[in-house]
Amino acid sequence: MGTFADYIGEMDVPENRRAEYARQMLGLLHAGGMMSVDEVGLFGHRIRLLYPPELDEAGRAWGCYNYFENDFWESWGLNANTGTISSNKLGGGAFCTATLAGYVLTALYSRSYGVITVDGSYVRERRFIGWINGVLGTQFTNERATQLWEIERLLHKDGCGEYNKDLTGLIQDVPTACADLEQVESYLAACFFEEFYADMSATEENVEVYHKEDAIGVRSCFTHLKRTLSALHENGGTLEEAKKYLFMPMDERSAVIDEQGGSTLAFSYCLVSPALAVAMTAREFGADFWTLWDELGADIPSVERFPPPQPCPPVEPVSTQELFGVVPDDMAYYWQPDGKVQFSDEMTAWMQSLRAELDGITDTVPPEKFLQMMVDAIAGAGNYAFRDMFYEFIARQTEPKVQAAVLLLNRLNGRDEPNVRRYLAILGNPALREKVFGF
């Protein structure tokens, strides 16, 4: 039991882009709260030191903790050499969100088309792509959402069709001019064929599909194939005979058309998408669409009939606060001078009070006592601190402000300060620590 994500398709990031992909992935996962953890046993405590995910000597990275969620889940893994990411049980919080964004980034880098599901349900990518663009400064588009038929075929192949009854909402995730009509027609033929069939068979005044300039052309092509299939069937033709025309190569189709004219299936099948051709043939002869498609679909030639869609624009950036639902005050570790993280007035006032208290600390810590005091203080604050801060403080343990910072942590623990985790985040962020505490 639990929540699991799956990548359906092949992760095939080009070899010459895998180093770039790995750098982007590590930055993205870190921005989404993913942390690696070193456990250190000292003075009767086991403290956990957090640090951004990084590649080991084998070109791999992994982690099982998310800072925003403040929880552990089963580990994710990144392989920079193969350009792949993997995961296990995800939960339903920030750990899951960051992992899904990693899968979306992989799909954007891969040459082959792939889709992401959570417990079998298709993941709409737009908000993840917006966050990727915001974090990495990229210009990725949502063009992948226009590939309805590609998505449906992958979901069907993986047995996820029952969890994804209607993907037409994806059309709303891109501007209308960017819709791929060939993909839309193929998807409707596969998943909503009876509605499509009834609409195409209706009078011009009642038509509900393709309210565009080429609607009559689409209906005319549909009608031509419908009549040709009916004529074949009424004259004793069989499904096997129709199938010969379905996968007939284009040069052979052309020869048949030259010889027999436009009243043959060789011509009619050229007027519609392969998926619609299979759907109409299956209906005429009482066959199952997917059985027929799985048998022949890959071999059916296609003719471009619709104008190419307009290029999709880049997805507008989405902030970390918006995607993860995290308040800026809990992002002290991620604060940078760029202004993307804006603290509340209460947080600002609290940090100012901390500075005043730290400046008033005049006690000192003997060198031989410093490490134990710091470990005791971290243990009292929940056993978590940041790795780089921990070792930096050891190296700078004789400095008065470093000692005062540890003594202040002890004070906060002693009065059960509810924001002690934010204090540790300030200490773990050198830029913010310098701004708030001056060291």
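Calculation rules
Residues numbered from 1 in each chain as written. Predicted model: local features only at pLDDT ≥ 70, side-chain atom pairs only at ≥ 80, totals over all residues. Heavy atoms only, no water. Helix = DSSP H or I, 4+ residues; strand = E, 2+ residues; numbered from the N terminus. Rg over C-alpha atoms; globule rule 2.2 N^0.38 Å. Buried < 20%, exposed > 50% of the residue type's maximum accessible area, 1.4 Å probe, protein only. Contact = heavy atoms within 4.5 Å. 1 Å grid on protein atoms, 1.4 Å probe; cavity = no way out; pocket = protein on both sides within 12 Å on 5 of 7 lines; lining within 4 Å. Points joined across faces, edges and corners; volume = space filled by probe spheres on them. Nonpolar A, V, L, I, M, F, W, Y, C, P; charged D, E, K, R; others polar. Polar contact = N/O pair within 3.5 Å; in protein donor to acceptor, adjacent residues only side chain to side chain. Pairing = 2+ DSSP bridges. Axes fitted to C-alpha atoms, helices over the stretch in contact; angles between N-to-C directions. Disulfide = S-S within 2.5 Å.

Asker: How would you explain the overall build of the chain if you had to name every residue and give the values?
Answerer: Scanning the chain from N- to C-terminus turns up 19 helices and nine strands. Against the globule reference of 22 Å for 439 residues, the chain gives a C-alpha radius of gyration of 30 Å, more extended than a compact globule. With respect to the principal axes defined by its C-alpha atoms, the chain has extents near 100 × 40 × 40 Å. Within the chain, buried positions represent 52% of all 439 residues. Taking as baseline every contact in the chain between residues at least 6 positions apart, the subset at least 24 positions apart corresponds to 69%.

Asker: Break down the layout of surface pockets for me, with residues and values.
Answerer: Looking at the largest pocket, its volume works out to about 510 Å³. Contributing elements (two or more residues each) for the lining of the largest pocket: helix 1 (18–31), helix 3 (126–136) and helix 13 (320–324). A per-element tally of the lining of the largest pocket places helix 3 first, with four residues. Here the residues of the lining of the largest pocket are counted per class, giving eleven nonpolar, seven polar and two charged. The calculated volume of the second largest pocket comes to roughly 340 Å³. The wall of the second largest pocket is formed by 18 residues, among which Asp180, Glu182, Gln183, Ser186 and Ser302 lie closest to the centre. Counting residues per element, the ones that place at least two in the lining of the second largest pocket are helix 4 (148–157) and helix 5 (181–191). Considering every element that reaches the lining of the second largest pocket, the biggest residue donor is helix 5, with three residues.

Asker: Which residues make up the side chain of Glu125, and what are the values?
Answerer: Note on placement: Glu125 falls in the loop between strand 8 (121–122) and helix 3. With relative accessibility at 3%, the residue Glu125 sits in the buried group. Polar side-chain contacts of Glu125 include one of 2.6 Å to the side chain of Arg144. For Glu125, the residues in contact, after removing those within four places along its chain, are Val104, Ile116, Asn142 and Arg144.

Asker: Report on the environment of Tyr21, specifying residues and quantitative values.
Answerer: As for its position among the elements, Tyr21 is in helix 1. For Tyr21, a relative accessible area of 0% puts it in the buried group. A sequence separation of 89 residues divides Tyr21 from Ser110, and the C-alpha atoms of the two residues are 9.8 Å apart. Excluding residues within four positions of it along the chain, Tyr21 makes contact with Val13, Leu78, Gly83, Thr84, Ile85, Thr106 and Tyr109.

Asker: Explain unusual backbone geometry to me, and be specific about the residues and the numbers.
Answerer: Positive phi is not limited to glycine here, since Asn70 has a value of about 55°. Mapped onto the elements, Asn70 comes out in the loop between strand 4 (60–66) and strand 5 (71–79). On the accessibility criterion, Asn70 (37% relative accessible area) is partly exposed. Residue Asp119 is not a glycine yet carries a positive backbone phi of 50°. By secondary structure assignment, the location of Asp119 is in the loop between strand 7 (115–118) and strand 8.

Asker: If you had to explain the sheet that holds strand 7 to someone new, which residues and values would you point to?
Answerer: With antiparallel pairing, the three strands of this open sheet are ordered in space as 1-7-8. Each edge of the open sheet is held by one strand with a lone partner, namely strand 1 (5–8) and strand 8. Across two bridges, the pairing between strand 7 and strand 8 is antiparallel. Bridge pairing links Val118 to Ser121 in strand 8. Helix 4 contacts strand 1, strand 7 and strand 8 of the sheet and is inclined by roughly 50° relative to strand 7.

Asker: Tell me about the state of the cysteines, and name the residues and values.
Answerer: Following the criterion strictly, the structure yields zero disulfides and no others. Not part of a disulfide, Cys64 finds its nearest cysteine sulfur in Cys96, a span of 16 Å. Not engaged in a disulfide, the cysteine Cys96 finds its nearest cysteine sulfur in Cys160; these two sulfurs lie 15 Å apart. For Cys96, a relative accessible area of 8% translates into the label buried.

Asker: With reference to specific residues and values, describe the environment of Asn419.
Answerer: Tracing the backbone through its elements, the reader meets Asn419 in the loop between helix 17 (400–414) and helix 18 (420–428). The exposure class of Asn419 is partly exposed, given its relative accessible area of 22%. Sequence separation between Asn419 and Asp330 is 89 residues, and the spatial gap between their C-alpha atoms is 9.2 Å.

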